[in-house]
Amino acid sequence: MITITRAPPYLAVQDWGRQHSRSLGVPRGGAMDLFALRTVNAVVGNSLDASALEWALGGGAVRFDRDCLFAVGGATARATASGRDVAPFTTSFARAGDELIVEQIITGRFLYLACDGGIDVPALLGSRSTYLPGRFGGYEGRMLKSGDSVPLGAQSTRHPALGFHAAADLMPRYDSGIVHVTPGTQEDLFDESAIRTLTESEYRISSASDRSGYKLEGPPLANSLGTLPSEAGCPGAIQVPGDGLPIALMADAPTIGGYPKIAVVSEADLPILAQRRPGASIRFQLITIDQSQRALRRRLSDIHAISQHASRS
Amino acid sequence: MSHTQLRAHPLGDTAVTITFGADRSAELLRQVHSAAHSLKAANILHVEDIVPAYLALTVFYDPLGTSYEEISRKLLDACDRAMHSPPKAAPSREHRIPVRYDGVDLEAVAISTGLSVEEVVARHSGRIYTVDLLGFVPGFAYLSELDTALQLPRRAQPRPRVAAGSVAIAAAQTAVYPLDTPGGWHIIGRTQTVMFDPTRDPPALLAPGNTVRFERVE
């Protein structure tokens, strides 16, 4: 078990989401930063898509109720366990009764905490992730609060060595602010100037941004298309409503929608966008679908390499 | 193989959207659903999810196993074959959903349409609707076709919260909100019927092609 001794403003069980239920209206959901989720899982010897705790908006503390390998990563945070600093994406060990204290989140938005064995809550529609709008999944369909105890799964036989850490050059460039995009499904319906504006301007993450989407502030994109018959979107799709200010759909976004989509954020760079806070700026760079898929395959093979090294360490 | 009307476009790294036509119609929607059934039955390698919509269906796939080029070619061929074979559809089910017509917008809808409240209720409950699609949030079913006299544009300002069970109308459609969510449709009533329960099999009460009749209760 892991007990929440001082809950941060947002703390919820997430994994890689629901991959097979979109036709029922169920969003993918799951972790906002899949790279961080998979990497914290890799360094504790879990399967990459195991469930972990997604942590945001402030500090807090949790207590491990059994001996546990754990790791944190994603947003950068000042964290200590039994008085010792906890480094990001690093295999760490806690004894039963030790407390992990996250003083504050310094940069980024979402911090992940993985424990060996994962978080053992029931899977619903193929996932343990929490879907807050529908009040299902995760721990009783809700955020965790102080006093909650969540069960951990059985520890695996793989025991990465303490102090193993994911090499820094395998990380997404979280601080670059550059996010690659591929052309969206309605890209050909937009004026050419709209694509230029999107890729040559700086956009800021609006305060109107949450797990379902990030509104972007910057030069509006000329859009005379209005609303089209609804079709599927996905996390990373950049849709343009009537006011011309783009919205990047995120994990909990509705499965279908009627706003035209000008571009889609490359899966490999989605963590960079997800970790940007309101007020932070980003720039979009257009690449081909082939380049984008190659970047994603590279990223995933990097994570598999981290996982294999961890297990051999 | 010729794909005269079919067009594929990537939706990011993990999905392809196949468009069947440019104009919304019941016939086009039927073709999309029929193709979605065929694709599902074909169990194509690396395909993870199929999402039908009004003009297009979107297929989510595993980009580690295949490339956009390869999967889009396979899917276009499969959709083309589906369009040239007898239509496939899930067996239709009929549903009766009891509604208490006391929604916050009922009187405003009566005023906007120039009908009496009684007439709005009679026209809404006096039809059989067909489920076009599920989408937006879990279990949200778009039902067609609303009586023309009741058709109004969405509210200019969406509400930040519409309660689960709200029965609402907008343009040519009606729906039941399965969970508390923001919403811009006109709320005319409410139901106790549970539209979505992830522990149930199937989780969503309604499926595309099903029919629905709303029954007035006091």
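Rules of the game
Sequence positions are assigned chain by chain, starting from 1 and proceeding in written order. The naming scheme follows written order: chains are lettered A onward, ligands numbered 1 onward. Confidence filtering applies because this is a predicted model: local features only for residues at pLDDT of at least 70, side-chain atom pairs given and counted only at 80 or more, and all residues used for totals across whole chains, interfaces and linings. Where side-chain values are given, they derive from all heavy atoms of the structure, hydrogens and water being excluded. Here, a salt bridge means any side-chain nitrogen of Lys or Arg that lies within 4 Å of a carboxyl oxygen of Asp or Glu. Runs of H or I in DSSP of at least four residues are treated as helices and runs of E of at least two as strands, each being numbered from the N terminus. Burial classes: relative accessible area under 20% of the type maximum marks a residue as buried, over 50% as exposed, and values in between as partly exposed (1.4 Å probe, protein chains only). A pair of strands counts as paired when DSSP detects no fewer than two bridges linking them. Between N-to-C directions, angles cover 0 to 180 degrees, with each direction set by a line fitted to C-alpha atoms, over the stretch in contact for helices. Whether two residues are in contact is decided by their heavy atoms: any pair within 4.5 Å suffices. Note on angle classes: values under 35 degrees are labelled roughly parallel, values over 145 roughly antiparallel, values of 65 to 115 roughly perpendicular, and the remainder oblique. Each residue gets one of three labels, nonpolar for Ala, Val, Leu, Ile, Met, Phe, Trp, Tyr, Cys and Pro, charged for Asp, Glu, Lys and Arg, and polar for the others, Gly among them.

**Considerations on the pattern of salt bridges**
Two side chains bearing opposite charge may form a pair once their charged atoms approach each other closely.
All names here are of chain B.
Link 1 in the chain: Counted according to the given criterion, the structure contains 27 salt bridges over all chains.
Link 2 in the chain: In this structure, aspartate 105 engages arginine 159 in a salt bridge whose closest nitrogen and oxygen atoms are separated by 2.7 Å. Of the two residues, aspartate 105 is situated in the loop between β5 (94-99) and α3 (106-113) and arginine 159 in strand β8 (residues 159-162); the sequence distance between them amounts to 54 residues. Per residue, the accessibility class of aspartate 105 equals that of arginine 159, and both read buried.
Link 3 in the chain: A single salt-bridge network, built from bridges that share partners, covers Glu119, Arg123, Arg127 and Asp147.

**Section: the sheet that holds strand β4 (residues 56-61) of chain B**
In sheet architecture, strand pairing relies on hydrogen bonds along the backbone and comes in two forms, parallel and antiparallel.
Residue and element names in this part refer to chain B.
Link 1 in the chain: Taken together, four strands build an open sheet; the order of strands is β1-β2-β4-β3 and the sheet is antiparallel. The open sheet has two free edges, formed respectively by β1 (7-10) and β3 (47-52), since each of these has just one partner strand. Each strand of the sheet is rotated relative to its neighbour by a mean of 20 degrees, with strand direction disregarded.
Link 2 in the chain: Pairing of β3 with β4, which is carried by five bridges, proceeds in the antiparallel orientation. Across the sheet, isoleucine 50 pairs through a bridge with valine 59, a residue of β4.
Link 3 in the chain: Across the sheet, helix α2 (residues 68-83) lies against β1, β2 (15-19), β3 and β4, angled at about 35 degrees from β2, the strand it touches most.

**Some details on the sheet that holds strand β14 (residues 237-239) of chain A**
Residues and elements named next belong to chain A.
Link 1 in the chain: Strand order around the closed barrel formed by seven strands is β10-β17-β14-β15-β12-β11-β18, with mixed pairing between neighbours. Across the sheet, the axes of successive neighbouring strands diverge by a mean angle of 40 degrees, strand direction being ignored.
Link 2 in the chain: Note that β14 and strand β15 (residues 247-249) share two bridges and pair antiparallel. Bridging across to β15, glutamine 239 finds its partner in isoleucine 247.

**With respect to the packing of α3(B) against helix α4 (residues 117-125) of chain B**
All names here are of chain B.
Link 1 in the chain: Contact geometry for α3 and α4: axes closest at 9 Å, N-to-C directions at 95 degrees. With respect to α4, the axis of α3 lies roughly perpendicular. Of α4, the residues touching α3 (which contributes Leu106, Glu107, Val109, Ala110 and Thr113) are Val117, Val120 and Val121.
Link 2 in the chain: When the residues that make up the contact of α3 with α4 are grouped by side-chain class, the tally is six nonpolar, one polar and one charged.

**Re the environment of Ala170(B)**
Residues and elements named next belong to chain B.
Link 1 in the chain: Within the secondary structure, alanine 170 is located in strand β9 (residues 166-170).
Link 2 in the chain: Overall, the relative accessible area of 5% leaves alanine 170 in the buried class.
Link 3 in the chain: In this structure the C-alpha to C-alpha distance between alanine 170 and histidine 186, which are 16 residues apart in sequence, comes to 6.4 Å.
Link 4 in the chain: If near-sequence neighbours (up to four positions away) are discounted, alanine 170 is found in contact with Leu152, Arg154 and Trp185.

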